Each structure stands twice: as structure tokens, then as C-alpha cells.
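Observations on the model geometry
Take a look at the letters that make up each chain.
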Amino acid sequence: MDYTHPTEEFLRSIDIHTLLPQQEPFVMVSELAHYDDSQVKTRLRVTDENIFTVNGQFATAGMIENIAQTCAVRIGYVNKYILKKGIQIGVIAAVRDLKIMGHPKAGSVIETTVTVKAEVMGMTLADAKIEEDGKVLATSQVKLSVSETK
């Protein structure tokens with residue numbers, strides 16, 4: 001298996017909990033849908049039970065956490081399948097140019113795409129986009145710091 005160019009079927013088979021430091025009820029990603037060197041995509045089925053669902057809608061805070069966890073899934077995938085090491089803890093250093101065009105309702109599935117622009121000395125700069133059925137709900141730029149501590 002070439003983990004640097006995995007099949008979508010393989011990615012969907014991964015238990016997302018093995019890639020994230022977060023655990024229930026704070027997991028904001030349901031599955032890994034795409035991975036390559038510069039881009040990762042995840043999906044989340046929004047539920048009424050989600051801690052960020054308020055009055056039937058996924059709140060802005062949940063959308064930001066979904067973006068952060070999409071970044072974390074990428075780091076977790078690289079560590080587990082490519083570098084063969086443990087999960088690292090990442091911290092959002094900055095969220096810039098956040099634009100919210102809509103909030104998904106409970107029952108919907110959102111797809112979050114994070115495209116890495118630069119990685120230097122444990123810092124990652126990326127563009128993020130959340131979509132529902134091809135409609136863009138949110139965009140932002142994020143800066144993450146990854147701890148080398150296991």
C-alpha cells in the first residue's frame with residue numbers, strides 16, 4: 001500500500017479516532033475522505049447530539065473546531081502511516097479571514113478541505129473551506145503549531 005497516495009476506500013476504512021488526540025464527545029470529524037501531500041478532506045455528519053449543534057444548526061465554534069480537527073487528521077495520518085510515530089498535539093495559533101456564509105443543519109454532511117500553503121519549524125499555514133453539497137459555508141486561513149511532545 002502506498003500511504004502517500006491512498007485510495008478513498010482505504011481512507012474511509014480508517015477509524016478517525018486513531019488519528020486524533022480528541023475523543024468523544026469532542027470529535028468534529030466523521031471520516032477522512034482525501035489525503036495527498038498538500039491537501040486533506042474530511043467529512044462530518046452534523047447531529048443534534050453534537051455539542052456544537054444549537055437549535056438544529058452547527059455553530060460557528062463547531063465549524064472552527066472542524067477545520068482544526070481536519071488539520072489534526074492530516075497530521076495524525078502522516079504520523080501514523082508515513083512517519084510511523086504517535087499522535088502529536090496541535091494548537092491553533094491563528095484564524096484569519098474567517099468568512100461564514102451559512103451554518104449546516106443537523107442531519108447534513110459537510111466536507112472540509114484544508115490546503116497546506118507552507119510548513120516551517122512546526123508551524124503550518126493553510127487555507128480551509130467547508131462545503132455542504134457543493135455550497136461553500138465557510139472559508140478561512142489557519143496557522144497551526146505542532147508540539148513535538150508525545
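The preceding data block contains the structure.
Residues numbered from 1 in each chain as written. Predicted model: local features only at pLDDT ≥ 70, side-chain atom pairs only at ≥ 80, totals over all residues. Heavy atoms only, no water.

Bringing the sheet that holds strand 8 (residues 135–146) into the picture now. Strand order in this open sheet of six strands is 1-2-6-7-8-5, and the pairing throughout is antiparallel. Of all the strands in the sheet, just strand 1 (31–35) and strand 5 (90–100) have a single pairing partner and so form its edges. Neighbour-to-neighbour, the strand axes of the sheet open up by a mean angle of 25 degrees, direction not taken into account. Here four bridges tie strand 1 to strand 2 (residues 39–45), and the two strands are oriented antiparallel to one another. Looking at strand 2, one finds that Tyr35 is bridged to Val40. Packed on one face of the sheet, helix 2 (residues 60–83) meets strand 1, strand 2, strand 5, strand 6 (109–120), strand 7 (123–132) and strand 8 and runs near 60 degrees to strand 6. (Pairing = 2+ DSSP bridges. Helix = DSSP H or I, 4+ residues; strand = E, 2+ residues; numbered from the N terminus. Axes fitted to C-alpha atoms, helices over the stretch in contact; angles between N-to-C directions. Contact = heavy atoms within 4.5 Å.)

Next up on the list: empty space enclosed by the protein. Under the criterion given, the structure shown has one cavity of 30 Å³ or more. Forming the boundary of the largest cavity are Cys71, Arg74, Ile75, Val114, Val116, Thr124, Ala126 and Leu144. Classifying every residue of the lining of the largest cavity gives six nonpolar, one polar and one charged. (1 Å grid on protein atoms, 1.4 Å probe; cavity = no way out; pocket = protein on both sides within 12 Å on 5 of 7 lines; lining within 4 Å. Points joined across faces, edges and corners; volume = space filled by probe spheres on them. Nonpolar A, V, L, I, M, F, W, Y, C, P; charged D, E, K, R; others polar.)

With that out of the way, let us pick up the nonpolar core. Ranked by size, the top nonpolar core spans 33 residues in total, and within it Ile14, Ile16, Leu19, Leu32, Phe58 and Tyr77 carry the most contacts. The set of elements that each furnish at least two residues to this core consists of helix 1 (8–13), strand 1, strand 2, helix 2, strand 6, strand 7 and strand 8. The element contributing the most residues to this core is helix 2, with eight residues. (Core = buried A, V, L, I, M, F, W, Y, C linked by side-chain atoms within 4.5 Å. Buried < 20%, exposed > 50% of the residue type's maximum accessible area, 1.4 Å probe, protein only.)

All right, on to the pattern of salt bridges then. For the structure on display, the rule yields eight salt bridges. Here Arg74 and Glu119 are joined by a salt bridge, their closest N and O atoms 3.1 Å apart. Placement of the pair is Arg74 in helix 2 and Glu119 in strand 6, with a sequence separation of 45 residues. Through salt bridges with shared partners, a single network forms among Glu8, Arg12, Glu31, Arg43 and Glu111. (Salt bridge = Lys/Arg side-chain N within 4 Å of Asp/Glu carboxyl O.)

Looking now at the packing of aromatic side chains. For the coordinates displayed, the defined rule picks out six aromatic pairs. Between the aromatic rings of Tyr3 and Phe10, the centroid separation amounts to 5.6 Å while the plane-to-plane angle is 50 degrees, which identifies the pairing as tilted. By relative accessible area, which is 18% here, Phe10 ends up buried. Through a chain of ring-to-ring contacts, the aromatic side chains of Tyr3, Phe10, Tyr35, Tyr77 and Tyr81 assemble into a single cluster. (Phe/Tyr/Trp six-rings, centres within 6.5 Å; stacked < 30°, edge-to-face > 60°.)

Before going further, it helps to examine the side chain of Asn66. If you trace the backbone, Asn66 turns up in helix 2. Of the residues examined, Asn66 reaches a relative accessible area of 0% and is grouped as buried. Side-chain polar atoms of Asn66 contact the backbone oxygen of Met28, separated by 2.7 Å. Those residues within four positions of Asn66 in sequence are excluded, and the remaining contacts are Met28, Val29, Leu44, Phe58, Ile110, Thr112 and Ile130. (Polar contact = N/O pair within 3.5 Å; in protein donor to acceptor, adjacent residues only side chain to side chain.)

A separate point is the environment of Thr112. By the element assignment, Thr112 lies in strand 6. Looking at Thr112, its side chain comes within polar contact range of the side chain of Asn66, at 2.4 Å.

Moving on: a nonpolar patch on the surface. Taken together, the side chains of Ile92, Val95, Leu98 and Ile100 present a nonpolar region at the surface, about 260 Å² in accessible area. Within the secondary structure layout, Leu98 lies in strand 5. (Patch = residues over 30% accessible without salt bridge, like charges linked within 9 Å, V, L, I, M, F, W, Y side chains within 5 Å. Areas by Shrake-Rupley, 256 points an atom, 1.4 Å probe, with all protein chains shown as cover.)

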